[in-house]
Amino acid sequence: MPLTHSTAVKISIQNQDFNLQDEVNLLEQDNAVDGAVVTFTGRVRNKNAGLTVSGLYLEHYAGMTEKSLEKIIIQAQKRWQIGRVAVIHRIGQLVIGEQIVFVGVTSMHRQDAFAAAEFIMDYLKVQAPFWKKELTEQGEKWLEAKQSDSKQAQQWDS
Amino acid sequence: MTIKVVFFAALREQLDCSEISIAANEVQTVADIKTKLAHKNEHWQQVFSNGALLSAINHDMVTSDNRVKADDEVAFFPPVTGG
């Protein structure tokens, strides 16, 4: 989906990797109004809860995933003055160090871009229907949701 | 007139089932569906006793008291762990 105007939103759920610079270029090109570009990239860690992780399998609920991300972005657009938004989330088999998720937000000023990017990431963590299965030295294991992630998202309610 | 019920991630693996169809006239709410599924057998009863399970109707997150109707797609899944 090309980003052609200042309110453009890109949502992509994909198996293949993404190129950070390409995504930043999409956020910036023909966008002289926004002076701020904030991006976040999440990657596969080599350890979790004390166990060595060799990779991840990511499952999602096709259809609901896109809808929930759209709703999160609409909320962010209501709260802050932001320009373009891009959210990419990978699914399928991933190995250590690979990129999992990308959130990019542009805005006229940095405060709105920082806040909106963090908000989108915090809500994605607790609302978007993705599930991680870890491949560890002790076998495969579905990750448990973390209380700290729920608390982090709830902070935006106050 | 049926309701399509789908399961994801650990829940799908525990049930060894990704999708099931329910007669729409037998249930009124998401909670009714859960109760009906739990009655299938002891294993399903145990799996659905997990209070942390989340549910959605037609791709929107809902609570158990939400009403369901024919042709809805109702989903049950564990708390999400993306990002």
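Residues numbered from 1 in each chain as written. Chains lettered and ligands numbered in written order. Predicted model: local features only at pLDDT ≥ 70, side-chain atom pairs only at ≥ 80, totals over all residues.

A few points about the overall build of chain A
A count of helical and extended segments in chain A gives 4 helices and 9 strands. Starting at the N terminus and walking to the C terminus, you meet the elements of chain A as β-α-β-β-β-α-β-β-β-α-β-β-α. Taken over C-alpha atoms, the radius of gyration comes to 16 Å for chain A, in line with the 15 Å a tight globule of 158 residues would show. Expressed as lengths along the three principal axes of its C-alpha atoms, the size of chain A is roughly 50 × 35 × 30 Å. Every one of the 158 residues in chain A was classed for burial, and the buried ones make up 34%. Within chain A, residue pairs in contact and separated by at least 24 positions form 77% of the contacts whose partners lie at least 6 positions apart. (Helix = DSSP H or I, 4+ residues; strand = E, 2+ residues; numbered from the N terminus. Rg over C-alpha atoms; globule rule 2.2 N^0.38 Å. Buried ≥ 20, exposed ≤ 12 C-beta atoms within 10 Å, placed from the backbone. Contact = placed C-beta atoms within 7 Å.)

Some remarks on the packing of helix α2 (residues 64-79) of chain A against helix α3 (residues 110-127) of chain A
Residues and elements named next belong to chain A. At a minimum axis distance of 10 Å, the contact between α2 and α3 shows a crossing angle of 150°. When the axis of α2 is compared with that of α3, the two are roughly antiparallel. For α2 against α3, the interelement crossing comes out right-handed. Where α2 abuts α3, its residues S68, L69, I72, I73, A76 and R79 lie against A116, F119, I120, Y123, L124 and Q127. In terms of residue class, the contact of α2 with α3 is made up of 9 nonpolar, 2 polar and 1 charged. (Axes fitted to C-alpha atoms, helices over the stretch in contact; angles between N-to-C directions. Parallel < 35°, antiparallel > 145°, perpendicular 65-115°, else oblique. Left-handed = near helix turned anticlockwise from the far one by under 90°. Nonpolar A, V, L, I, M, F, W, Y, C, P; charged D, E, K, R; others polar.)

A few points about the sheet that holds strand β1 (residues 9-14) of chain A
All names here are of chain A. Reading across the sheet, the 4 strands line up as β1-β5-β7-β2 and stay open at both edges, with mixed pairing between neighbours. The open sheet has two edge strands, β1 and β2 (36-43), and neither has a second partner. The average angle at which neighbouring strand axes cross in this sheet is 5°, direction not considered. Each of β1 and β5 (85-90) is contacted by α2, which is oriented at about 150° to β1, the strand it contacts most. (Pairing = 2+ DSSP bridges.)

Remarks on the packing of α3 of chain A against helix α4 (residues 147-154) of chain A
Residues and elements named next belong to chain A. Contact pair α3 / α4: the axes reach a minimum separation of 9 Å and the direction vectors enclose 135°. In terms of orientation, α3 lies oblique with respect to α4. For the element pair α3 and α4, the recorded crossing hand is left-handed. Contacts from D122, Y123, K125 and V126 in α3 reach D149, S150, Q152 and A153 in α4. A breakdown of the residues in the contact of α3 with α4 according to their chemical character gives 3 nonpolar, 2 polar and 3 charged.

Details of the interface of chain A and chain B
Contacts between chain A and chain B engage 21 residues on the former and 14 residues on the latter. Elements that contribute at least two residues to the side of chain A that touches chain B include exactly α2, α3 and β8 (130-136) of chain A. With 5 residues, α3 of chain A is the largest single contributor of residues to the side of chain A that touches chain B. Broken down by class, the residue content of the side of chain A that touches chain B amounts to 13 nonpolar, 4 polar and 4 charged.

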